[in-house]
Amino acid sequence: MIRTGYLLLIALLLTGCGASDNSGSGAGQQTQVWLPVGGAATVEWQASLGFLQFIPGLPLEELAQVSRGRELFVADWEMAPGARPQLDGLGPLFVASACDLCHTANGRAASLLADGQIGSGLLFRLGDANGRPDPHLGGQLQPFATVGRGEGDVSWQDDGSGKPQFVLSNPSHALAAGIHLGPRLSPQLTGVGLLNLVPEEQILAYEDESDSNADGISGRAHRLQREGQDCIGRFGWKAMQCSLRGQSAGALQQDMGLTSVVNPQEPCTEHQDICTSQPSGGNPEVSEEALGQINEFLTVLAVYGRRVSDNAAFERGAQLFAQTGCAACHRPTLTTATDAVLAPLRGQTIYAYTDLLLHDMGADLSDGVGEGHAQPQEWRTPPLWGLGLLEGDGVSRFLHDGRAQTLPQAILWHGGEGLAAKQAFEQLSQQQRDDLLSFLRAI
């Protein structure tokens, strides 16, 4: 079982963050005591282990499947037929040959490179404003192929405002009219297993599509159907996947060209015969057992605890996080389901700072690509936990297209439903900004 030490309260002198369990402790109010960031899944940050550290104290009988899932996650998959049948079937069109090329142990892979090229930390959806994919290249650009060449190369340059402009060169077929490049930054995997365990009714409780309380926030759930079931999206920049299983299977198919029982088709359109002309790695190429092992590995990834060096500044920053309106979308806490398979993860209060809803973030953050029922300017609220471990590492960027190199830049690009919070941030004194950023970098 999980070490009992991780079940103890962490007594941080914090005040209001816009959630019911952190309602504030201004003058004369009782100081709040917070639980560990990831509940029983919380560990101390260790740079040598990066973002792929396991939850402490897992039962030994759980580790065999988890370890196998890690092997599949870090493995370099090969084109079929390969010397390792369990690891062949890559492509024939793909973005990366291994999961950890995009989701690295140290958090995020390089995305916008200094020479105008694109690193493995950024991929591109293809679509129009209504979510229709390109008729020839499909819904995602695959720049690599196991034989011949991929679908095209993307380069970028700053448009002068800090916003990247992307150019597709050497395409195997020109983009159809109205089709745009939709950049999608690969996130670190902090707490994905815990977010998978948040009940749908909890997400729906935060929904306010008509802004009935007139606070300027009208988040809405992304209602989908996956594997024949109605469900609420929670993963990905557009909340296109309802479960960790769906997210993993989608990435295996679209990013690596690997089929599964969830997505049995190769990511080719009817105009691309490479998928039928090249050998398959099996039917499916990723077995149900292997998919389950990958998901078990992701489920038991630990969350890193707060890194507070100045409690007073952190307390002031927590107040400002609520006062500026950040907590209206980046809601501090969620609670995992009480029927989770792993007992240590049941009923855990987690501090992810997201409502998992779609929000209109304004024209500046639109890329012209709709997905599912999500409009081009709508984005799922990204979790904030662990961001302070990424900023300043020389690689990581923020927002969906990587335009922000720092957390202040990310805040200042907010528009739409985030505009009021951005304007409130702009009105803060330098000391107040420092306090708020100290809070963000510590959570």
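Residues numbered from 1 in each chain as written. Predicted model: local features only at pLDDT ≥ 70, side-chain atom pairs only at ≥ 80, totals over all residues. Heavy atoms only, no water.

Chemist: Help me get a handle on the overall build of the chain, residues and values and all.
Modeler: The helix and strand tally for the chain stands at 10 helices and 16 strands. Whereas a compact globule of 443 residues would reach a radius of gyration of roughly 22 Å, the chain reaches 22 Å, a difference of no more than 12%. Each principal axis of the C-alpha atoms in the chain carries an extent, and together these give about 75 × 55 × 40 Å. Out of the 443 residues belonging to the chain, those deemed buried represent 54%. Restricting the contact set of the chain to residue pairs at least 6 apart, pairs at least 24 apart contribute 66%. When the accessible surface of the chain is summed, it comes to about 18,600 Å², and 50% of that surface belongs to carbon and sulfur atoms. (Helix = DSSP H or I, 4+ residues; strand = E, 2+ residues; numbered from the N terminus. Rg over C-alpha atoms; globule rule 2.2 N^0.38 Å. Buried < 20%, exposed > 50% of the residue type's maximum accessible area, 1.4 Å probe, protein only. Contact = heavy atoms within 4.5 Å. Areas by Shrake-Rupley, 256 points an atom, 1.4 Å probe, with all protein chains shown as cover.)

Chemist: Please provide a residue-by-residue account of the layout of surface pockets, values included.
Modeler: Leftover empty space is mapped by rolling, across the atoms, a probe with the size of a water molecule. Taken as a whole, the second largest pocket holds about 350 Å³ of empty space. Lining the second largest pocket are 18 residues, with Leu-197, Glu-296, Thr-299, Val-341 and Leu-342 positioned closest to its centre. Every element with two or more residues in the lining of the second largest pocket is listed here: α1 (60-74), α4 (244-256) and α6 (288-299). Tallied by class, the residues present in the lining of the second largest pocket amount to 9 nonpolar, 5 polar and 4 charged. (1 Å grid on protein atoms, 1.4 Å probe; cavity = no way out; pocket = protein on both sides within 12 Å on 5 of 7 lines; lining within 4 Å. Points joined across faces, edges and corners; volume = space filled by probe spheres on them. Nonpolar A, V, L, I, M, F, W, Y, C, P; charged D, E, K, R; others polar.)

Chemist: Any details on the pairing of strand β9 (residues 180-185)? Residues and values, ideally.
Modeler: For β9, the buried fraction is high: 5 of the 6 residues fall into the buried class. Judged from the 6 bridges that link them, strand β5 (residues 122-127) and β9 form a sheet pairing that is antiparallel. Directly across from Leu-123, in β9, lies its bridge partner Arg-184. (Pairing = 2+ DSSP bridges.)

Chemist: An account of the pattern of salt bridges is requested, with residue identities and associated values reported.
Modeler: Counting across every chain of the model gives 13 salt bridges. In this structure, Arg-184 and Asp-367 form a salt bridge, with 2.6 Å as the shortest nitrogen-oxygen distance. Linking Arg-184 in strand β9 with Asp-367 in the loop between β15 (358-360) and β16 (378-380), this pair joins segments that are 183 residues apart in sequence. Overall, the relative accessible area of 5% leaves Arg-184 in the buried class. (Salt bridge = Lys/Arg side-chain N within 4 Å of Asp/Glu carboxyl O.)

Chemist: For the environment of Ala-98, give the residues involved together with the corresponding values.
Modeler: Along the chain, Ala-98 falls in the loop between β4 (93-94) and β5. For the pair Ala-98 and Arg-316, spaced 218 residues apart in sequence, the C-alpha separation works out to 42 Å. Among all residues touching Ala-98, those that are not within four sequence positions of it are Phe-73, Val-74, Ala-75, Asp-76 and Met-256.

Chemist: I'd like a rundown of the confidence of the model for the chain, residues and numbers included.
Modeler: Here the chain averages 91 in pLDDT, and 93% of its residues register 70 or above. Scored below 50 in pLDDT, residues 1-30 shows 87 contacts in the model against residues more than four places distant or in partner chains. (pLDDT = per-residue confidence, 0-100.)

Chemist: Any details on α6? Residues and values, ideally.
Modeler: For α6, with 12 residues, the first-to-last C-alpha span of 16 Å sits near the 16 Å given by 1.5 Å per residue. Those residues of α6 that sit buried are Ala-290, Leu-291, Gln-293, Ile-294, Asn-295, Phe-297, Leu-298 and Thr-299. (Expected span 1.5 Å × (residues − 1).)

Chemist: Hey, could you go over helix α10 (residues 430-442) for me, with residue numbers and the actual values?
Modeler: In this model α10 runs 18 Å from its N-terminal to its C-terminal C-alpha over 13 residues, within 8% of the 18 Å that 1.5 Å per residue would give. When we look at burial in α10, the residues that qualify are Asp-435, Leu-436, Leu-437, Phe-439, Leu-440 and Ala-442.

Chemist: Pulling in residues and values, what's your account of the state of the cysteines?
Modeler: Under the defined criterion, the tally for this structure stands at 2 disulfides. The disulfide that involves Cys-231 links it to Cys-242, with 2.1 Å between the sulfurs. Negative torsions about the S-S bond denote left-handed disulfides, and the value of about 70 degrees found for Cys-231 with Cys-242 makes this one right-handed. With Cys-231 in strand β11 (residues 229-232) and Cys-242 in the loop between β11 and α4, the pair connects residues that are 11 residues apart, well separated along the chain. Between the sulfur of Cys-268 and that of Cys-275 lies a disulfide, 1.9 Å long from S to S. With the S-S dihedral at roughly 70 degrees, the linkage between Cys-268 and Cys-275 falls on the right-handed side. Each bonded cysteine of the chain is numbered by sequence order, and under that numbering the disulfide pairs are 1-2, 3-4. Cys-326 supplies the cysteine sulfur nearest to Cys-329, a cysteine that is in no disulfide, at a spacing of 9.1 Å. Judged by its relative accessible area of 11%, Cys-329 falls in the buried class. (Disulfide = S-S within 2.5 Å.)

Chemist: I'd like a rundown of unusual backbone geometry, residues and numbers included.
Modeler: The residue after Ala-80, namely Pro-81, is reached through a cis peptide bond having omega -5 degrees. A cis amide bond, omega 15 degrees, links Gly-91 with the succeeding residue Pro-92. Relative to the elements of secondary structure, Pro-92 occurs in the loop between α1 and β4. The backbone phi angle of Leu-356 is positive, close to 60 degrees, even though this residue is not glycine.

Chemist: Go over the packing of α4 against α6, please, and point to the residues and values.
Modeler: Relative orientation of the contacting elements α4 and α6 amounts to 115 degrees, with a least axis distance of 10 Å. Taken as a pair, α4 and α6 cross one another with a handedness that is right-handed. For the pair α4 and α6, the contacting residues are Leu-244, Arg-245, Ser-248, Ala-249 and Leu-252 in the first and Glu-288, Leu-291, Ile-294, Asn-295, Leu-298 and Thr-299 in the second. Here the contact of α4 with α6 is composed, by residue class, of 6 nonpolar, 3 polar and 2 charged. (Axes fitted to C-alpha atoms, helices over the stretch in contact; angles between N-to-C directions. Left-handed = near helix turned anticlockwise from the far one by under 90°.)

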